[in-house]
Amino acid sequence: METSTPPDGSGRAAAYDPIAEAYAAENATSLLNEYYNRPAIRDLLGDVAGKHVLDLGCGSGPTLVDLIRGGATAVGIDGSKALIDIARDRVGSATELYVADLAEPLPFDDSTFDDVVCSLTLHYLEDWHSPLTEIRRVLKPGGRLILSVEHPLVMWFTALQAGNTTNYFATRPRHVTDMAGQDADLTFWDRSLSTMFKTFSDTGFRVTHLDEPGPAPEALERFPEFFESRDDPRFLAFLFLVLVPVG
(Lines give C-alpha, C1' and ligand atoms only; values in the text may rest on other atoms or scores of the structure.)
Protein backbone atom coordinates (compact mmCIF):
# COMPACT_ATOMS: atom_id res chain seq x y z
CA MET A 1 0.00 0.00 0.00
CA GLU A 2 1.34 3.43 -0.90
CA THR A 3 0.87 6.24 1.58
CA SER A 4 2.19 9.74 1.93
CA THR A 5 2.31 12.59 4.38
CA PRO A 6 2.41 16.24 3.40
CA PRO A 7 5.69 18.12 3.60
CA ASP A 8 5.99 20.37 6.63
CA GLY A 9 7.10 23.40 4.67
CA SER A 10 10.66 23.38 5.99
CA GLY A 11 11.88 23.74 2.42
CA ARG A 12 14.94 21.50 2.81
CA ALA A 13 14.48 18.65 0.35
CA ALA A 14 11.37 20.33 -1.09
CA ALA A 15 13.82 22.69 -2.76
CA TYR A 16 14.41 19.81 -5.17
CA ASP A 17 10.82 19.90 -6.43
CA PRO A 18 11.45 22.44 -9.24
CA ILE A 19 14.56 20.59 -10.45
CA ALA A 20 13.52 17.00 -9.75
CA GLU A 21 13.39 15.79 -13.35
CA ALA A 22 16.79 17.25 -14.26
CA TYR A 23 18.33 16.05 -11.01
CA ALA A 24 17.03 12.49 -11.44
CA ALA A 25 18.19 12.38 -15.07
CA GLU A 26 21.69 13.55 -14.16
CA ASN A 27 21.98 11.08 -11.29
CA ALA A 28 21.03 8.22 -13.61
CA THR A 29 24.17 8.74 -15.70
CA SER A 30 26.67 10.51 -13.45
CA LEU A 31 29.95 9.03 -12.27
CA LEU A 32 29.39 9.99 -8.64
CA ASN A 33 25.84 8.70 -8.31
CA GLU A 34 25.22 5.87 -10.76
CA TYR A 35 28.74 4.43 -10.95
CA TYR A 36 30.12 5.19 -7.50
CA ASN A 37 27.56 5.78 -4.75
CA ARG A 38 24.83 3.40 -5.94
CA PRO A 39 27.02 0.30 -6.43
CA ALA A 40 28.88 0.96 -3.17
CA ILE A 41 25.59 1.08 -1.24
CA ARG A 42 24.41 -2.06 -3.03
CA ASP A 43 27.61 -3.89 -2.06
CA LEU A 44 27.26 -2.88 1.59
CA LEU A 45 23.66 -4.05 1.69
CA GLY A 46 24.59 -7.49 0.40
CA ASP A 47 21.86 -10.13 0.39
CA VAL A 48 18.58 -8.37 1.22
CA ALA A 49 16.17 -11.17 0.29
CA GLY A 50 13.30 -11.24 2.75
CA LYS A 51 14.44 -8.11 4.60
CA HIS A 52 12.33 -5.07 5.46
CA VAL A 53 14.46 -2.04 4.52
CA LEU A 54 13.90 1.70 4.87
CA ASP A 55 15.53 4.00 2.30
CA LEU A 56 15.71 7.32 4.13
CA GLY A 57 16.20 10.11 1.61
CA CYS A 58 15.35 7.83 -1.30
CA GLY A 59 15.26 10.58 -3.92
CA SER A 60 14.15 9.28 -7.32
CA GLY A 61 14.45 5.68 -6.14
CA PRO A 62 17.61 4.00 -7.52
CA THR A 63 18.34 2.15 -4.27
CA LEU A 64 14.66 1.25 -3.91
CA VAL A 65 14.94 -0.45 -7.30
CA ASP A 66 18.02 -2.37 -6.15
CA LEU A 67 16.32 -3.43 -2.91
CA ILE A 68 13.20 -4.69 -4.68
CA ARG A 69 15.28 -6.56 -7.27
CA GLY A 70 17.17 -8.15 -4.39
CA GLY A 71 13.99 -9.47 -2.81
CA ALA A 72 13.56 -6.92 -0.02
CA THR A 73 10.38 -5.20 1.06
CA ALA A 74 11.42 -1.58 0.61
CA VAL A 75 9.98 1.62 2.07
CA GLY A 76 11.08 5.06 0.86
CA ILE A 77 11.02 8.51 2.46
CA ASP A 78 12.07 11.82 0.96
CA GLY A 79 11.30 15.47 1.59
CA SER A 80 10.66 16.19 -2.09
CA LYS A 81 7.22 15.25 -3.41
CA ALA A 82 8.46 15.57 -6.99
CA LEU A 83 11.27 13.07 -6.39
CA ILE A 84 8.86 10.71 -4.64
CA ASP A 85 6.60 10.90 -7.70
CA ILE A 86 9.52 9.85 -9.91
CA ALA A 87 10.37 7.03 -7.49
CA ARG A 88 6.73 5.91 -7.57
CA ASP A 89 6.87 5.57 -11.34
CA ARG A 90 9.98 3.40 -10.99
CA VAL A 91 8.89 1.04 -8.23
CA GLY A 92 5.11 0.83 -8.64
CA SER A 93 2.17 1.33 -6.35
CA ALA A 94 2.89 -1.61 -4.02
CA THR A 95 5.90 0.11 -2.45
CA GLU A 96 5.26 2.42 0.51
CA LEU A 97 6.55 5.92 -0.20
CA TYR A 98 6.34 8.88 2.17
CA VAL A 99 6.94 12.60 1.78
CA ALA A 100 8.28 13.75 5.15
CA ASP A 101 10.79 16.03 6.81
CA LEU A 102 13.75 13.86 7.77
CA ALA A 103 14.42 16.05 10.81
CA GLU A 104 11.06 15.04 12.29
CA PRO A 105 10.12 11.76 14.04
CA LEU A 106 9.75 8.85 11.62
CA PRO A 107 6.19 7.54 11.09
CA PHE A 108 7.04 3.96 12.10
CA ASP A 109 6.87 1.81 15.20
CA ASP A 110 9.94 0.79 17.16
CA SER A 111 12.00 -2.11 15.77
CA THR A 112 10.36 -2.09 12.33
CA PHE A 113 13.26 -2.45 9.88
CA ASP A 114 16.08 -4.95 9.37
CA ASP A 115 18.22 -2.27 7.71
CA VAL A 116 18.05 1.46 7.09
CA VAL A 117 19.82 3.07 4.12
CA CYS A 118 20.64 6.77 4.42
CA SER A 119 22.56 7.71 1.31
CA LEU A 120 23.91 11.25 0.81
CA THR A 121 21.10 12.64 2.94
CA LEU A 122 22.37 13.72 6.36
CA HIS A 123 24.26 16.68 4.90
CA TYR A 124 20.93 18.51 4.52
CA LEU A 125 20.59 18.64 8.31
CA GLU A 126 22.52 20.78 10.78
CA ASP A 127 21.55 18.46 13.63
CA TRP A 128 22.27 14.75 13.19
CA HIS A 129 21.30 13.69 16.71
CA SER A 130 17.54 13.60 16.14
CA PRO A 131 17.50 11.64 12.85
CA LEU A 132 20.11 9.14 14.07
CA THR A 133 18.16 8.59 17.28
CA GLU A 134 15.03 7.95 15.22
CA ILE A 135 16.89 5.55 12.93
CA ARG A 136 18.12 3.63 15.96
CA ARG A 137 14.57 3.47 17.29
CA VAL A 138 13.07 1.96 14.13
CA LEU A 139 15.87 -0.59 13.61
CA LYS A 140 15.28 -4.13 14.79
CA PRO A 141 17.81 -5.63 17.23
CA GLY A 142 20.83 -6.57 15.15
CA GLY A 143 19.80 -4.17 12.39
CA ARG A 144 22.20 -2.01 10.39
CA LEU A 145 22.41 1.58 9.20
CA ILE A 146 24.04 1.73 5.75
CA LEU A 147 25.32 5.24 5.35
CA SER A 148 27.09 7.34 2.73
CA VAL A 149 28.20 10.89 3.49
CA GLU A 150 30.23 13.50 1.69
CA HIS A 151 33.89 13.09 2.57
CA PRO A 152 34.66 15.87 5.10
CA LEU A 153 38.21 16.36 3.85
CA VAL A 154 36.98 16.81 0.27
CA MET A 155 34.43 19.41 1.34
CA TRP A 156 37.05 21.39 3.28
CA PHE A 157 39.70 21.16 0.55
CA THR A 158 37.24 22.10 -2.22
CA ALA A 159 36.32 25.26 -0.31
CA LEU A 160 40.01 26.02 0.15
CA GLN A 161 40.66 25.63 -3.58
CA ALA A 162 37.81 28.07 -4.26
CA GLY A 163 39.49 30.64 -2.03
CA ASN A 164 37.14 30.18 0.92
CA THR A 165 38.88 29.84 4.26
CA THR A 166 36.72 27.63 6.45
CA ASN A 167 37.17 26.10 9.90
CA TYR A 168 37.33 22.36 9.25
CA PHE A 169 36.27 21.61 12.82
CA ALA A 170 33.13 23.75 12.72
CA THR A 171 29.71 22.53 11.62
CA ARG A 172 29.09 25.03 8.86
CA PRO A 173 26.56 25.72 6.09
CA ARG A 174 27.43 25.46 2.40
CA HIS A 175 25.04 27.12 -0.04
CA VAL A 176 24.47 25.62 -3.49
CA THR A 177 22.80 27.68 -6.21
CA ASP A 178 23.27 25.31 -9.18
CA MET A 179 22.30 21.66 -9.34
CA ALA A 180 22.03 19.53 -12.48
CA GLY A 181 22.38 22.68 -14.56
CA GLN A 182 19.36 24.24 -12.87
CA ASP A 183 19.03 27.21 -10.54
CA ALA A 184 18.75 25.90 -6.99
CA ASP A 185 18.51 27.13 -3.43
CA LEU A 186 20.07 24.41 -1.28
CA THR A 187 21.97 24.41 1.99
CA PHE A 188 24.31 21.57 2.93
CA TRP A 189 25.95 21.24 6.35
CA ASP A 190 29.62 20.23 6.48
CA ARG A 191 31.30 18.85 9.60
CA SER A 192 34.54 17.18 10.59
CA LEU A 193 35.14 13.44 10.70
CA SER A 194 35.55 13.57 14.47
CA THR A 195 32.21 15.38 14.82
CA MET A 196 30.54 12.68 12.75
CA PHE A 197 31.96 9.87 14.84
CA LYS A 198 31.15 11.57 18.13
CA THR A 199 27.54 11.96 16.98
CA PHE A 200 27.38 8.29 16.01
CA SER A 201 28.58 7.34 19.48
CA ASP A 202 26.33 9.83 21.27
CA THR A 203 23.25 8.41 19.52
CA GLY A 204 24.07 4.81 20.42
CA PHE A 205 25.79 3.54 17.27
CA ARG A 206 29.04 1.71 16.68
CA VAL A 207 30.84 1.85 13.32
CA THR A 208 31.57 -1.65 12.04
CA HIS A 209 32.71 -0.73 8.53
CA LEU A 210 34.32 2.31 6.90
CA ASP A 211 35.37 2.44 3.26
CA GLU A 212 36.60 4.76 0.51
CA PRO A 213 35.93 2.39 -2.41
CA GLY A 214 36.65 2.66 -6.07
CA PRO A 215 33.90 3.10 -8.66
CA ALA A 216 32.11 0.29 -10.45
CA PRO A 217 34.37 -1.32 -13.10
CA GLU A 218 32.19 -0.08 -15.95
CA ALA A 219 32.93 3.50 -14.89
CA LEU A 220 36.40 3.23 -16.43
CA GLU A 221 34.84 2.57 -19.83
CA ARG A 222 32.06 5.10 -19.39
CA PHE A 223 34.40 7.95 -18.33
CA PRO A 224 37.78 7.14 -19.96
CA GLU A 225 39.12 10.70 -19.85
CA PHE A 226 38.64 10.92 -16.09
CA PHE A 227 40.59 7.71 -15.47
CA GLU A 228 43.18 7.71 -18.25
CA SER A 229 46.00 9.24 -16.18
CA ARG A 230 45.22 7.29 -12.98
CA ASP A 231 47.15 4.24 -11.86
CA ASP A 232 44.49 3.68 -9.19
CA PRO A 233 40.83 4.26 -10.11
CA ARG A 234 39.87 5.25 -6.55
CA PHE A 235 39.21 8.92 -5.77
CA LEU A 236 37.98 10.84 -2.74
CA ALA A 237 34.32 11.83 -2.81
CA PHE A 238 32.19 10.04 -0.22
CA LEU A 239 32.62 7.91 2.89
CA PHE A 240 30.66 4.68 3.20
CA LEU A 241 29.87 3.29 6.63
CA VAL A 242 27.93 0.54 8.34
CA LEU A 243 26.65 1.35 11.84
CA VAL A 244 24.97 -0.95 14.34
CA PRO A 245 23.12 0.00 17.54
CA VAL A 246 25.03 -0.58 20.75
CA GLY A 247 23.23 -2.64 23.37
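Please refer to the structure higher up on the page.
Criteria and cut-off values
- Residues numbered from 1 in each chain as written.
- Predicted model: local features only at pLDDT ≥ 70, side-chain atom pairs only at ≥ 80, totals over all residues.
- Heavy atoms only, no water.
- Phe/Tyr/Trp six-rings, centres within 6.5 Å; stacked < 30°, edge-to-face > 60°.
- Buried < 20%, exposed > 50% of the residue type's maximum accessible area, 1.4 Å probe, protein only.
- Lys NZ or Arg CZ within 6 Å of the ring centre and 35° of its normal.
- Helix = DSSP H or I, 4+ residues; strand = E, 2+ residues; numbered from the N terminus.
- Contact = heavy atoms within 4.5 Å.
- Polar contact = N/O pair within 3.5 Å; in protein donor to acceptor, adjacent residues only side chain to side chain.
- Core = buried A, V, L, I, M, F, W, Y, C linked by side-chain atoms within 4.5 Å.
- Pairing = 2+ DSSP bridges.
- Axes fitted to C-alpha atoms, helices over the stretch in contact; angles between N-to-C directions.
- Parallel < 35°, antiparallel > 145°, perpendicular 65-115°, else oblique.
- Left-handed = near helix turned anticlockwise from the far one by under 90°.
- Nonpolar A, V, L, I, M, F, W, Y, C, P; charged D, E, K, R; others polar.

**Topic: the packing of aromatic side chains**
(1) Moving on: Summed over all chains, the structure comprises 17 aromatic pairs.
(2) Moving on: Aromatic pair Phe 227 and Phe 235: ring centres 6.4 Å apart, planes at 50 degrees, arrangement tilted. Neither residue differs from the other here; Phe 227 and Phe 235 are each classed as buried.
(3) Moving on: Across from the ring centre of Phe 223, 5.0 Å away, lies the NZ or CZ of Arg 222, which sits over that ring.

**Concerning the environment of Ile 41**
(1) Moving on: Note that Ile 41 resides in helix 2 (residues 31-45).
(2) Moving on: What makes Ile 41 buried here is its relative accessible area of 1%.
(3) Moving on: Taking the C-alpha atoms as reference points, Ile 41 and Thr 208, 167 residues apart in sequence, are found 15 Å from one another.
(4) Moving on: Other than its neighbours up to four places away in sequence, Ile 41 contacts Thr 63, Val 117, Ser 119, Ile 146, Leu 147, Ser 148 and Phe 240.

**What about helix 3 (residues 62-69)?**
(1) Moving on: Turning to helix 3, its buried residues number three or more, namely Thr 63, Leu 64, Val 65, Asp 66 and Leu 67.
(2) Moving on: Buried residues along helix 3 sit against helix 2, strand 1 (52-56), strand 2 (73-78), helix 4 (81-91), strand 3 (96-99) and strand 4 (113-119).
(3) Moving on: Once helix 3 finishes, Gly 71 follows within two positions and takes phi at roughly 95 degrees, a positive value.

**Focus on the side chain of Ser 148**
(1) Moving on: As for its position among the elements, Ser 148 is in strand 5 (residues 139-150).
(2) Moving on: Of the residues examined, Ser 148 reaches a relative accessible area of 1% and is grouped as buried.
(3) Moving on: Of the polar contacts made by the side chain of Ser 148, one reaches the side chain of Ser 119; its length is 3.0 Å.
(4) Moving on: If sequence neighbours within four positions are ignored, Ser 148 has contacts with Asn 37, Ile 41, Cys 118, Ser 119, Leu 120, Thr 121, Leu 239 and Phe 240.

**Considering the nonpolar core**
The nonpolar side chains of a soluble globular protein tend to be buried with one another.
(1) Moving on: By size, the foremost hydrophobic cluster in this structure holds 31 residues, and its most contacted members are Leu 31, Leu 45, Leu 64, Leu 67, Ile 146 and Phe 240.
(2) Moving on: Secondary structure elements with two or more residues in this core: helix 2, helix 3, helix 4, strand 3 and strand 9 (238-245).
(3) Moving on: Per-element tally for this core: the top contributor is helix 2, with seven residues.
(4) Moving on: Membership of the second largest hydrophobic core comes to 28 residues, among which are Val 75, Phe 113, Phe 200 and Leu 243.

**A word on the pairing of strand 6 (residues 172-179)**
(1) Moving on: As paired elements, strand 6 and strand 7 (residues 182-190) share seven bridges and run antiparallel to each other. Note that in strand 7 the partner of Asp 178 across the bridge is Asp 183.

**Re the packing of helix 1 (residues 20-27) against helix 4**
(1) Moving on: Two numbers describe how helix 1 lies on helix 4: the axes approach to 9 Å, and their chain directions differ by 50 degrees. As summarised for this structure, helix 1 and helix 4 are arranged oblique, according to the angle between their axes. Seen from above, helix 1 lies across helix 4 with right-handed handedness. Between helix 1 and helix 4, the contacting residues are Ala 20, Glu 21, Tyr 23 and Ala 24 on the first element and Ala 82, Leu 83 and Ile 86 on the second.
(2) Moving on: Tallied by class, residues from the contact of helix 1 with helix 4 come to six nonpolar, no polar and one charged.

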